[in-house]
Amino acid sequence: MNIRIKRAYEEPDREDGTRILVDRLWPRGLTKEKARIDLWLKDVAPSTELRKWFAHDPAKWAEFRSRYQEELRRNEEQVSILRKEAAKGTVTLVYGARDQQHNEAVILQRLLTAK
């Protein structure tokens, strides 16, 4: 599977394949035309409570990752949708966070590419 990750604010390109937004909230200031999102999976994103608790604090990353993975285990339907899309071809998981190393797309990419 070819699963990429990309910030919503980066320019879309042909290499992206199917662009899937994995945030619960639409990226601020971004039009639907400019984002070119093919599928928006709000429910695969971290819960509102978890997102607010994490607040993109790298010091909380390990605990966030653990809690989010637990949420994903209870949300197999959404993960299954991602797996099906990835089986069709290249998928780009799109996220809005500024931090490119500490966000849900990183966790989802690892989950989907794990053997």
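It should be emphasised that the depicted structure is a prediction, and the values quoted were computed from it without experimental measurement. (Residues numbered from 1 in each chain as written. Predicted model: local features only at pLDDT ≥ 70, side-chain atom pairs only at ≥ 80, totals over all residues. Heavy atoms only, no water.)

**Student:** Report on the overall build of the protein, specifying residues and quantitative values.
**Tutor:** Looking only at helices and strands, one finds five helices and four strands in the protein. Starting at the N terminus and walking to the C terminus, you meet the elements of the protein as β-β-α-β-α-α-α-β-α. Projected onto its principal axes, the C-alpha positions of the protein cover 35 × 35 × 20 Å. Taking all 115 residues of the protein together, the buried fraction comes to 40%. Summarising the internal contacts of the protein: among those between residues at least 6 apart in sequence, 60% fall at separations of at least 24. As presented, the protein carries roughly 6900 Å² of accessible surface, and 46% of it is formed by carbon and sulfur atoms. Within the protein, one finds 24 positive and 19 negative side-chain charges whose respective centroids are separated by 1 Å. (Helix = DSSP H or I, 4+ residues; strand = E, 2+ residues; numbered from the N terminus. Buried < 20%, exposed > 50% of the residue type's maximum accessible area, 1.4 Å probe, protein only. Contact = heavy atoms within 4.5 Å. Areas by Shrake-Rupley, 256 points an atom, 1.4 Å probe, with all protein chains shown as cover. Lys, Arg positive; Asp, Glu negative; His and termini not counted. Charge placed at Lys NZ, Arg CZ, Asp CG, Glu CD.)

**Student:** Give me the packing of helix 4 (residues 76-88) against helix 5 (residues 104-113): which residues, what numbers.
**Tutor:** Angle between the axes and distance between the axes are the two parameters that describe a pair of packed helices. It is the contact of helix 4 with helix 5, at a shortest axis distance of 11 Å, that shows an interaxial angle of 70°. Taken together, the axis directions place helix 4 and helix 5 in an arrangement best described as roughly perpendicular. Note that helix 4 runs across helix 5; the crossing there is right-handed. In contact with Val79, Leu82 and Arg83 of helix 4, helix 5 contributes Leu108, Leu111 and Leu112. For the contact of helix 4 with helix 5, the per-class residue count stands at five nonpolar, no polar and one charged. (Axes fitted to C-alpha atoms, helices over the stretch in contact; angles between N-to-C directions. Parallel < 35°, antiparallel > 145°, perpendicular 65-115°, else oblique. Left-handed = near helix turned anticlockwise from the far one by under 90°. Nonpolar A, V, L, I, M, F, W, Y, C, P; charged D, E, K, R; others polar.)

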